[in-house]
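# Coordinates in review
As a plain string of letters, each chain reads:
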Amino acid sequence: YDSNSRRLRSASGRFRVAQAQGLLWKVFFSAWPTLLKHYSRTKRYNWWEEYRTRHSVGLQVRKIVETFSKRFFAKEVPVDGFRDIEALDGPCHFIEDELVTILNMDRRKYLTSKYYTRKILYYIRQKDIMEKLKEFLSNPPDMQRLIEGAVLIDQYLDPLAETSLESILRELNDITEEVKRVLRLTNSSHPSIAADRDGDTFIDSLDLQRQALVAMNSVLYKQLKFSGNEDNYLKPVNFYIHQVLREKEGIRIALCVLYSTIGRNLGIRLEPVSFLGYFLLRWCQKPEGSTDFLDYVYIDAFDNGKLYTAKECECLLDQPVATSYYSPTSTKNMLLCMATNLFHRGKENASDESYQLLGNTLDLYVTLTTIDLCLTLTPDDVQYLMLPARLYFQLGINPEKILFSVLDILQRVQVIDPSHHNVGHMIQLTLEQIARKNLMAELQIKHRTNEKHREVAFSVGLIMKHKRYGYDCVICGWDPKCMMEVNWMRNMGVYNLPNGPNQPFYNVLVQDGSCRYAAQENLVYNPAPLEIGHEKVGRYFSEFTGFHYVANVELQMQYPSDLASTSQTVQRVYGCI
């Protein structure tokens, strides 16, 4: 005992020395390696305090995450549902790091925690990006770099992607350096090659600019194989700057952003022109600049950097156009065009992904169209400002956004035009809509022992295959008979099924990301159970065992007999426990 005590006192003494020096706690803190980028190598830190704070924040984050399924299982998380996480007292990067840590846990386990963690991370990142976008738009127009605004749009629409302005600029700088390498082969003294270029000075000589453009086109379109994506023009992947850089193809407006940024790096002033949907870049043919549109050449970044005169541009549309269409468009208008294009993409179908895209682009629309009007609203602006509010309401996208994201606009409308009674009416209807959704979301407990459920053959968590369409899916709910409206059943051919609507129907999450309502006679046990790559799997299940999904606590409450039934079925069908 005495020898152990001496060793313990000796170890404690060494521990106190290490603690005082902060070395031990710095080692402990390195358990979160992604956080080290926030610390300077030359500055001293109290690593014990940093470790203690990070550990405390992590525990609080996990505690909040664990409450989400109980609170929001039967409904979408409302905007005010994130108040607890916003109220946390700790550095934002500590909160975000803990959320990322949860997402990186065992791939097949903690699925429900990961599902809500993803929602929380999505929300807090979007909120931060929106503040940055508002700050960006408040700058004078000549200080708004198009690439910076485009990356903010990119980040807002895809906040879980690890996209940063710094990484995008590094990639564009790498392309710029390759252009400079090509330029050296023809003109080793070309001013674009200068290492100290700041991007704000431009080359005067047209011949030298032309040389740089030729080199840039060679690198972009011949060497790197960038191209316009004509086959899937409206795929979101063609809009996002980081995706365009990775896939080497995109739509006109995205390629214009990249082309003009690289041109600026080389000392060439290229101004975007919204030419009736044909986004081009105009290049002045006079060193001193010009206000005459005929003094410009127009570059099509979508078509290998092809050059057009003003008259040739009319041939693109096969009609004469007003001179105003040749004028450069502002950064804000370019961003608004990006959001508008994505909005039309989101209207193409009624999938969860499309509704998310619609909601995000409407948020951007509200910001981009009201940033300059906040202090100068007039009665003429009322209908203009009411458009996003009406769209939120009519599309039914997170109706709470009427009250939170658009509420300030509606309140301004009421101040400007007190006779505009429709505003209050819209808010009242939305409140009623939320109340109805909450009422419908109340859990219905379904016991398999109930007489009316005796025909239900399958249980939640089983991996199934559809007989007719061949898709893989997991069951996340069931009804003893089809509960859809008559029109839906008629359109889906339910009455043509041998057993019609009076058979069990199952809510299933499909591998392609869709949610389906399938008849029992069309489902069979999947001969090779697999993980279902659906974003909502974690809403219903806590774990994937390799043969089936385990229902989380809330789903088990709704289907109290299904966990045992699923286990028995897996043992019987696949011969395993």
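Residues numbered from 1 in each chain as written. Predicted model: local features only at pLDDT ≥ 70, side-chain atom pairs only at ≥ 80, totals over all residues. Heavy atoms only, no water.

This brings us to empty space enclosed by the protein. Taken as a whole and judged by the stated rule, the model has 2 cavities of 30 Å³ or more. Considered as a void within the structure, the largest cavity measures approximately 70 Å³ in volume. Taken together, L220, Y221, F226, L255, L258, Y259, I262 and A301 make up the full set of residues lining the largest cavity. Secondary-structure elements contributing two or more residues to the lining of the largest cavity are α9 (206-223) and α11 (252-265). The leading source of residues in the lining of the largest cavity is α11, at 4 residues. Its residues assigned to classes, the lining of the largest cavity shows 8 nonpolar, no polar and no charged. Its volume calculated, the second largest cavity comes out at about 30 Å³. Residue lining of the second largest cavity: V460, Y549, A551, Q556, Y559, D562, L563 and T566, and that is the complete set. (1 Å grid on protein atoms, 1.4 Å probe; cavity = no way out; pocket = protein on both sides within 12 Å on 5 of 7 lines; lining within 4 Å. Points joined across faces, edges and corners; volume = space filled by probe spheres on them. Helix = DSSP H or I, 4+ residues; strand = E, 2+ residues; numbered from the N terminus. Nonpolar A, V, L, I, M, F, W, Y, C, P; charged D, E, K, R; others polar.)

Judged by pairing direction, the sheet is antiparallel, and its 5 strands sit side by side in the order β10-β9-β8-β7-β11 without closing on themselves. The strands lining the two open edges of the sheet, one partner per strand, are β10 (515-519) and β11 (523-525). Each strand of the sheet is rotated relative to its neighbour by a mean of 50°, with strand direction disregarded. In the sheet, strand β7 (residues 463-466) pairs with strand β8 (residues 472-479) via 3 bridges, with the strands oriented antiparallel. Considered in β8, the bridge of M464 is made with C473. Across the face of the sheet, helix α22 (residues 562-574) comes into contact with β7, β8 and β11 while running at roughly 65° to β11. (Pairing = 2+ DSSP bridges. Axes fitted to C-alpha atoms, helices over the stretch in contact; angles between N-to-C directions. Contact = heavy atoms within 4.5 Å.)

Spacing of three or four residues puts side chains on the same side of an α-helix, whose turn is 3.6 residues. Relative to the 16 Å expected for 12 residues at 1.5 Å per residue, helix α5 (residues 92-103) spans 17 Å between its end C-alpha atoms, a close match to the ideal helical length. All of the buried residues along α5 are F94, I95, D97, E98, L99 and I102. Where α5 is buried, its residues contact α2 (23-29), α3 (47-72), α4 (83-86) and α6 (111-137). (Expected span 1.5 Å × (residues − 1). Buried < 20%, exposed > 50% of the residue type's maximum accessible area, 1.4 Å probe, protein only.)

With that out of the way, let us pick up the confidence of the model for the protein. The predicted coordinates ought not to be read in detail in places where the model reports low pLDDT. Mean pLDDT over the protein: 84, with 80% of residues reaching 70 or higher. Segment residues 1-5 is flagged for pLDDT under 50; beyond a separation of four residues in sequence, or across chains, it makes 0 contacts in the model. Long-range and interchain partners of residues 399-405, a stretch whose pLDDT sits below 50, account for 24 contacts in this model, where long-range means more than four residues apart. (pLDDT = per-residue confidence, 0-100.)

We now examine the nonpolar core. Formed by 64 residues in total, the largest nonpolar core has its most connected members in I241, Y259, L335 and L364. When residues are assigned to domains, this core turns out to be shared by domain 1 (1-138) and domain 2 (143-334), each giving three or more. Setting aside residues up to four positions removed in sequence, I241 forms contacts with I147, A150, D154, I168, A254, V257 and L258. Membership of the second largest hydrophobic core comes to 58 residues, among which are V61, F94, Y471 and V510. (Core = buried A, V, L, I, M, F, W, Y, C linked by side-chain atoms within 4.5 Å. Domains from an automatic or database assignment.)

Bringing the layout of surface pockets into the picture now. Here the second largest pocket is characterised by a volume of approximately 1100 Å³. A per-class count over the lining of the second largest pocket returns 14 nonpolar, 9 polar and 12 charged. Lining the lining of the second largest pocket are residues from two domains, each supplying at least three of them: domain 1 (1-138) and domain 2 (143-334).

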